[in-house]
Each structure stands twice: as C-alpha cells, then as structure tokens.
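Structural overview for review
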Amino acid sequence: MSIDYDKLGMRISSFRNKKGLTQDALAEKSGFTRQYISKIEIGKTLGLDALVSIANALGVSPDDLLVDSLEYPASTADSELHRLLLDCNKTEEEILTRTVKELKAILYGLGI
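Residues numbered from 1 in each chain as written. Predicted model: local features only at pLDDT ≥ 70, side-chain atom pairs only at ≥ 80, totals over all residues. Heavy atoms only, no water.

**A short note on the overall build of the chain**
Note the cut-off: Helix and strand labels come from DSSP, where a helix needs a run of H or I of at least four residues and a strand needs a run of E of at least two; each type is numbered from the N terminus. Accessible area is worked out with a 1.4 Å probe on protein chains only. A residue is then buried under 20% of its type maximum, exposed over 50%, and partly exposed in between.
Counting its regular elements, the chain contains seven helices and zero strands. Sequence-ordered secondary structure for the chain, helices as α and strands as β, is α-α-α-α-α-α-α. In terms of principal-axis extent, the alpha carbons of the chain reach across some 55 × 35 × 20 Å. Counting across all 112 residues of the chain, residues that qualify as buried make up 29%.

**Digging into helix α4 (residues 48–58)**
What counts here: When we speak of the arc, we mean the arc of directions from the helix axis to the C-beta atoms. Contact between two residues is taken to exist if any of their heavy atoms lie within 4.5 Å; hydrogens are not considered.
Turning to α4, its buried residues number three or more, namely Ala-50, Leu-51, Ile-54, Ala-55, Ala-57 and Leu-58. One side of α4 carries all its buried residues, which in axial view fall inside an arc of 160°. For α4, the exposed residues set more than 90 degrees away from the buried face come down to Leu-48, Asp-49 and Asn-56. Buried-residue contacts for α4 involve α1 (5–18), α2 (23–30), α3 (34–41) and α5 (62–66). Within two residues after α4, Gly-59 carries a phi angle of roughly 75°, on the positive side.

**Let's talk about the environment of Phe-32**
Secondary-structure assignment places Phe-32 in the loop between α2 and α3. The class for Phe-32 is partly exposed, based on a relative accessible area of 27%. Spatially, the C-alpha atoms of Phe-32 and Ile-54 are 9.1 Å apart, while their sequence positions differ by 22 residues. Residues in contact with Phe-32, not counting those within four places in the same chain, are Ala-27, Ile-37, Ala-50, Ser-53 and Ile-54.

**A look at the layout of surface pockets**
For clarity, the cut-off: Note on definitions: the grid is 1 Å and covers protein atoms alone; a cavity is a set of points where a 1.4 Å probe fits but cannot get out; a pocket is an open set with protein on both sides within 12 Å along at least five of seven lines; lining residues have an atom within 4 Å of a point. Grid points are joined across faces, edges and corners, and a volume is the space filled by probe spheres set on the points. Throughout, the ten residues Ala, Val, Leu, Ile, Met, Phe, Trp, Tyr, Cys and Pro are labelled nonpolar, Asp, Glu, Lys and Arg are labelled charged, and all others, Gly among them, are labelled polar.
Considering only enclosed or pocket space, the largest pocket measures out at about 180 Å³ in volume. Every residue along the wall of the largest pocket is listed here: Lys-19, Gly-59, Val-60, Asp-64, His-82, Leu-85, Leu-86, Cys-88, Asn-89, Lys-90 and Glu-93. Elements supplying a minimum of two residues to the lining of the largest pocket: α6 (80–86) and α7 (90–109). Among the elements that take part in the lining of the largest pocket, α6 stands out by supplying three residues, more than any other. Split by residue class, the lining of the largest pocket holds four nonpolar, three polar and four charged.

**Looking at the packing of α1 against α4**
Heads up, the rule is: Only the contacting stretch of a helix is used when fitting its axis, a line to C-alpha atoms as for every element, and angles between N-to-C directions run 0 to 180 degrees. Any angle between 65 and 115 degrees counts as roughly perpendicular, while under 35 counts as roughly parallel, over 145 as roughly antiparallel, and the rest as oblique. The sense of a crossing depends on the near helix, which, turned anticlockwise from the far helix by less than a right angle, makes the crossing left-handed and, turned clockwise, makes it right-handed.
Remark: α1 packs on α4, axes separated minimally by 10 Å, with the N-to-C direction vectors making an angle of 25°. The angle between α1 and α4 falls in the class roughly parallel. Seen from above, α1 lies across α4 with left-handed handedness. For the pair α1 and α4, the contacting residues are Leu-8, Ile-12, Phe-15 and Arg-16 in the first and Leu-51, Ile-54 and Leu-58 in the second. Residue classes in the contact of α1 with α4 are distributed as six nonpolar, no polar and one charged.

Distances and angles like these do not, on their own, reveal function.
Here it is in structure tokens:
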C-alpha cells in the first residue's frame, strides 16, 4: 500500500485546525514555509523529515498522520476516545485516563 498523500494532507490540516494553528504558525513551528505547508495539505509533497517535524510541531505521532495509509494501523487516531482526549486540557486528560483505567479493571474483573 502506498501513502495516500491527499488523506495525509487532510489529516495534517485537521490536526492543525484542532490546535488552532494557521498554516503560517505551523510553518514557523516546523521550520518550513507557509507555501510548503499548503502544498503538503493539498497532497502535493511530503518527505519523511518533514513528516516528523510536522508531527512534532502538532504534538502528535507520525502514525496518527499516516493512519489512512497503513495496512495494519496500530493507531487509535480514529477512535472516539482518542478524539475526546485530543480536545482535553492536561487535567481533563489525566482524570479521563484514570477513570478509563479503573473502568477497564472493573470490566476485566467481571470477565468482560
């Protein structure tokens, strides 16, 4: 399976928008020009070094960006729980993570 650059670009754009970043701001954080970010987001180009820089600038894992191109995605980027956590501040994330761990332990104890 090859990389779906269109979906990769859309995913980068989506994460950028969720973070409240403009293309200019992402360009500055990742060390690229706004024009290069624009080309990436419309699926025109993207090298491995740029992918890592952009993932770091967005605070996400490269597999979260590549999930549409992975044959066996290990990412939870498309799960409802993941999307919920992306919208949380640190305190909310810690509380929800603790709660989910406790619920999982309860379910395990019930044999579910």
